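For reference, the chains in residue letters:
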Number of protein chains: 2
Amino acid sequence: MMKMCMPGVAGIVAGFMGQRTAAVAIATAVVVGTVSPGLAFGPKVGTATLDNGMQVVVIPDHRAPVVTHMVWYRVGAADETPRKSGIAHFLEHLMFKGTKDVKPGEFSKIISRNGGNDNAFTSLDYTAYFQRVAKDRLPLVMKLEADRMTNLVLTDKEVLPERDVVLEERRSRTDNNPSARLNEQMNAAFYLSHPYGKPVIGWPNEIRALNRKDAFEFYRRYYAPNNAILIVAGDVTLEELMPLAQQHYGAIPAQPDFPERIRPQEPRHEAALRVTLKDPRVTSPILQRIYLAPSYATDQPGEAEALDVLAEILGGGTTSRLYDALVVKQKSAAAVGSYFSGDALDNGSLSVYAVASQGQDVTGLEAEMDAVIAKFLKDGVTAEELKRAKNSLIAEAVYAQDSQSRLARIYGVALTTGQTVQDVQQWPKRVEGVTAEKVLEVARKYFSIEQSVTGILLKREKQPASSGQKS
Amino acid sequence: MMKMCMPGVAGIVAGFMGQRTAAVAIATAVVVGTVSPGLAFGPKVGTATLDNGMQVVVIPDHRAPVVTHMVWYRVGAADETPRKSGIAHFLEHLMFKGTKDVKPGEFSKIISRNGGNDNAFTSLDYTAYFQRVAKDRLPLVMKLEADRMTNLVLTDKEVLPERDVVLEERRSRTDNNPSARLNEQMNAAFYLSHPYGKPVIGWPNEIRALNRKDAFEFYRRYYAPNNAILIVAGDVTLEELMPLAQQHYGAIPAQPDFPERIRPQEPRHEAALRVTLKDPRVTSPILQRIYLAPSYATDQPGEAEALDVLAEILGGGTTSRLYDALVVKQKSAAAVGSYFSGDALDNGSLSVYAVASQGQDVTGLEAEMDAVIAKFLKDGVTAEELKRAKNSLIAEAVYAQDSQSRLARIYGVALTTGQTVQDVQQWPKRVEGVTAEKVLEVARKYFSIEQSVTGILLKREKQPASSGQKS
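Residues numbered from 1 in each chain as written. Chains lettered and ligands numbered in written order. Predicted model: local features only at pLDDT ≥ 70, side-chain atom pairs only at ≥ 80, totals over all residues.

## Here we look at the sheet that holds strand E10 (residues 348-356) of chain B
Thought 1: Ordered by their spatial adjacency, 10 strands build an open sheet running E9(A)-E10(A)-E8(A)-E11(A)-E7(A)-E7(B)-E11(B)-E8(B)-E10(B)-E9(B), and the pairing between neighbours is mixed. For this open sheet the edge positions go to strand E9 (333-341) of chain A together with strand E9 (333-341) of chain B, each flanked by a neighbour on one side alone. Sheet twist, expressed as the mean angle between neighbouring strand axes with direction ignored, is 15 degrees.
Thought 2: Two strands pair when backbone bridges link them, and strand E8 (residues 286-293) of chain B and strand E11 (residues 452-459) of chain B are joined in this way by six bridges, in the antiparallel orientation. Opposite Tyr291(B), over in E11(B), you have Ser452(B) as the bridge partner.
Thought 3: Relative to E10(B), helix H11 (residues 362-379) of chain B is tilted by about 130 degrees, and along the sheet it contacts E8, E9, E10 and E11 of chain B. (Pairing = 2+ DSSP bridges. Helix = DSSP H or I, 4+ residues; strand = E, 2+ residues; numbered from the N terminus. Axes fitted to C-alpha atoms, helices over the stretch in contact; angles between N-to-C directions. Contact = placed C-beta atoms within 7 Å.)

Have a look at this one:
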């Protein structure tokens, strides 16, 4: 399968992504970094719940007779048991391996023959499957998706070669990508206890040991209608959708005993961390820093929205503080950015990064970045910056409405990470209400170097043969 | 209970301990750092196995009519399930809470009334209980220890206050000790996946949630004769001991289904890590570095012994490389040391440390330490250093024979971390056989900065109120 799904650390220059959003990349060219946390007013979203507990969300869009059909499962890599890292993602691959009625590999071919496209993705908190098809093919894709929710057939003949596919995916996306490797090592070091520290795709030594039984147990435990959310965006109404949903998904029995989604929580971080990775392929040194922060699901009221605004002011675009100081004035950085990753069932994170200009060393770059942050913490934000950042975030949310799949994805992410449809709908209003005081408050609270990890990517120079130590 | 058991990071100056041995401190004044990995020829050690699978080891010592009686369980903090960190150690405390026949707190009083003393300790790989008594009281302690192996009674009335005791123990030993805190944060960051990264005593947020049910389940799962080793050192022979062992322990049924001791293994470390902790109580800056290394259980043949010799040459005493360079010549360090922690079921570690002299900064100290290591990697060892290091290690093992409890402990550690009685007995011979080439080979292989974590302990200076960021 060519299913995409994985650590989409597409290179820090192309768009830095926090560790959680970084875990997702969709084939349909959704730029992950711009899928804003939560979203917008948007169209009249309809919701309902089937008798078996499956949640249904409809996002009407009648501009064209097409629909985006998605099924989201409330399970991701952070729900895996020890020594089984990668099983959530591996199962996602295996979901294309057929059922009693659909032969291995046929699923996507059927969608394609019907003029549609399909894919799937896995993150730390969720796993999702989607198809985009003409409206009259909606019953077909619902039938197919419901079928593999409960009738998956796995044989070693299918499972074992797919494991090699995943290992190859890991090699090409992580092992051959210095910034992805740095990100992986940073997260693993940073999270002292929480499973957010592991890579969604899994550790190689553990992927190699995954088998049919592991995948099937995971499937039986987590893939059930009462752990799933059906999201359909497009030329359909809730009234049209519900009979179909009932017919296809309503027939699947609920699973009575779900494991609670309670993960090991982070102990207090007390020491600043630094992770330095050297690789011969690095051209410009890169500096990243990730600070622990709450998420939309775990924050004190108003903090997450203020963190979104904060990140926008600091590093969102060419009018941001970091850009102005490091790229424009000092010319020490070729690119900078700041992101708040707030869509998470457990904690979120706040990140900043800078790519060094030609000849610029990382020490100087870091001093400049720290100076920008220190000035921010001292002086706070101007009314103009605040207004601009809010406008930018809200505009982003408005633009997202132009894309069925982005819109559907925003609801899917929110609903699988502890938020509600209402949270998504009210997000722009809450962003609008963020004050300068609140932005400064969260900045002072969460820009704590002791709750951070600093990652440094450097070019590995040739070294004398005898000095294995200094590498 | 005043049971000692815990992260005995007694302060780095008093004797640096690797992360695993650091987890153990016995009341009977055993200096952990000197309990050498494996040990010596020693007396004629007798071994046998009861029908229920319980291993029996006798270490004869007829100098006085006393015995040290120990029961070791092959379970430690690294065997805990997620979110239950600290349960192995908590259960160790609760083992003093009584049975049907012995009232809460009575166990140690009985030992004491009979002129003996007793204690217990928990590490990442094992949990052990011991009593030192006159020979004629051996049947009594065996009866008591066998009783609590299977008849433990736990009530909330006993369990909940003891949890507060553990939390207080954590506060006094870890939270109030900057070097213990640094050690904890270093290990947590260093181990990307393996449970050796968690503190034996547990994370505070998880200790607070432990309860009677958790403790009892852990007890029922792991405390059984076929997961235990009886070690008796002192004035007794195997012939005398076996009928008693059969009488007291032989009556307890084996537990048929033990969980395998397979922990998540470390993925490849690719990036050098640094952990910086600042605390107002720090007087002299301290620099530590821990490198991933194999253990006696996981090494290629001969590597662990060579790592022991390497650590001795580098940092063992006043004739060592680090001492000579940093303390004597440059006067940049007040103390230095190097340790190999090789007694572990999974990987081991190689550590170096230096305490800065008055006025010496850590950057300079680290450069000097790195220079010593680099010179070592370039030039290797002299015949004289090699000889001296081996003599010192072997002498240590010989001295250990003078102490019943140290000797018993050496066997206990070895047998619960994948080694055999024969391994212990042959250790001095294997150390004797280590060559200069092998020492250089393991040094070059394992002194890899990318497989290391560097910990820095600094004094926290008062800071301006507005600058929350630079701390």
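## Considering the packing of helix H13 (residues 404-416) of chain A against helix H14 (residues 421-432) of chain A
Residue and element names in this part refer to chain A.
Thought 1: Contact pair H13 / H14: the axes reach a minimum separation of 9 Å and the direction vectors enclose 120 degrees. In terms of axis orientation, H13 runs oblique to H14. For the element pair H13 and H14, the recorded crossing hand is right-handed. Facing Ile410, Tyr411 and Ala414 of H13, the residues of H14 in contact are Val421, Asp423 and Val424.
Thought 2: A per-class count over the contact of H13 with H14 returns five nonpolar, no polar and one charged. (Parallel < 35°, antiparallel > 145°, perpendicular 65-115°, else oblique. Left-handed = near helix turned anticlockwise from the far one by under 90°. Nonpolar A, V, L, I, M, F, W, Y, C, P; charged D, E, K, R; others polar.)

## As for the interface of chain A and chain B
Thought 1: Counting residues at the interface gives 41 residues for chain A and 41 residues for chain B.
Thought 2: Examining the composition of the side of chain A that touches chain B, we find that six residues originate from one element, strand E7 (residues 272-279) of chain A, more than from any other.
Thought 3: Grouping the amino acids of the side of chain A that touches chain B by side-chain chemistry returns 20 nonpolar, 11 polar and 10 charged.
Thought 4: Sheet topology note: the E7(A)/strand E7 (residues 272-279) of chain B ladder contains five bridges and is antiparallel. From the neighbouring strand, Thr276(A) faces E7(B), where its bridge partner is Ala272(B).

## Let's talk about the pairing of strand E11 (residues 452-459) of chain A
Residue and element names in this part refer to chain A.
Thought 1: Within E11, six of the eight residues are buried, which leaves the element mostly enclosed by the surrounding structure.
Thought 2: Across seven bridges, E7 lies against E11 in parallel orientation. Bridge pairing in E11 places Asp279 opposite Lys459. (Buried ≥ 20, exposed ≤ 12 C-beta atoms within 10 Å, placed from the backbone.)

## Notes on the packing of helix H4 (residues 156-175) of chain A against helix H5 (residues 178-190) of chain A
Residue and element names in this part refer to chain A.
Thought 1: Where H4 meets H5, the axes come as close as 7 Å, and the angle between the chain directions of the two elements is 95 degrees. Relative to H5, H4 is oriented roughly perpendicular. Listed contacts from H5 to Arg173, Thr174 and Asp175 of H4 are Ala180, Arg181 and Glu184.
Thought 2: Class assignment for the residues of the contact of H4 with H5 results in one nonpolar, one polar and four charged.

## Notes on the pairing of E8(B)
Put simply, side chains in a regular strand alternate between the two faces of the sheet.
All names here are of chain B.
Thought 1: Taken across its eight residues, E8 has eight buried, putting it largely inside the fold.
Thought 2: Here E8 shows two buried faces, one formed by Ile286, Gln288, Ile290 and Leu292 and the other by Leu287, Arg289, Tyr291 and Ala293.
Thought 3: As paired elements, E8 and E10 share eight bridges and run antiparallel to each other. Among the inter-strand pairings, Leu292 is bridged to a residue of E10, identified as Ser349.

## Observations concerning the domain arrangement of chain A
Residue and element names in this part refer to chain A.
Thought 1: Here chain A is described as being made up of domain 1 (21-30 + 38-248) and domain 2 (273-459).
Thought 2: Computed from C-alpha coordinates alone, the two centres of domain 1 and domain 2 are separated by 27 Å.
Thought 3: The interface is formed by 37 residues belonging to domain 1 together with 42 residues belonging to domain 2.
Thought 4: The set of elements that each furnish at least two residues to the side of domain 1 that touches domain 2 consists of strand E2 (55-60), strand E3 (66-73), strand E5 (127-134), H5 and strand E6 (228-234).
Thought 5: Among the elements that make up the side of domain 1 that touches domain 2, the one with the highest residue count is H5 (eight residues).
Thought 6: Residues of the side of domain 1 that touches domain 2, tallied by class, amount to 21 nonpolar, 11 polar and five charged. (Domains from an automatic or database assignment.)

## As for the nonpolar core
Thought 1: Counting 272 residues, the largest nonpolar core has Leu230(A), Leu310(A), Ala354(A), Leu230(B), Leu310(B) and Ala354(B) as the members making the most contacts within it.
Thought 2: Excluding anything up to four places from it in sequence, Leu230(A) contacts Met54(A), Gln55(A), Val56(A), Val57(A), Val71(A), Ala245(A) and Tyr249(A). (Core = buried A, V, L, I, M, F, W, Y, C linked by C-beta atoms within 7 Å.)

## Regarding unusual backbone geometry
Thought 1: Here the phi dihedral of Lys331(A) falls at roughly 55 degrees; this positive angle occurs in a residue that is not glycine.
Thought 2: Along the chain, Lys331(A) turns up in the loop between helix H10 (321-329) and E9.

## Regarding the sheet that holds strand E1 (residues 46-49) of chain B
Residues and elements named next belong to chain B.
Thought 1: Pairing is mixed in the open sheet, where six strands are placed in the order E1-E2-E6-E3-E5-E4. The open sheet has two edge strands, E1 and strand E4 (117-122), and neither has a second partner. Within this sheet the neighbouring strands show an average axis-to-axis angle of 15 degrees, counted without direction.
Thought 2: With four bridges connecting them, E1 and strand E2 (residues 55-60) associate as antiparallel partners. In the strand pairing of E2, Thr47 is matched with Val57.
Thought 3: The strands touched by helix H3 (residues 138-150) are strand E3 (66-73), strand E5 (127-134) and strand E6 (228-234); relative to E3, the strand with the most contacts, the crossing angle is about 15 degrees.

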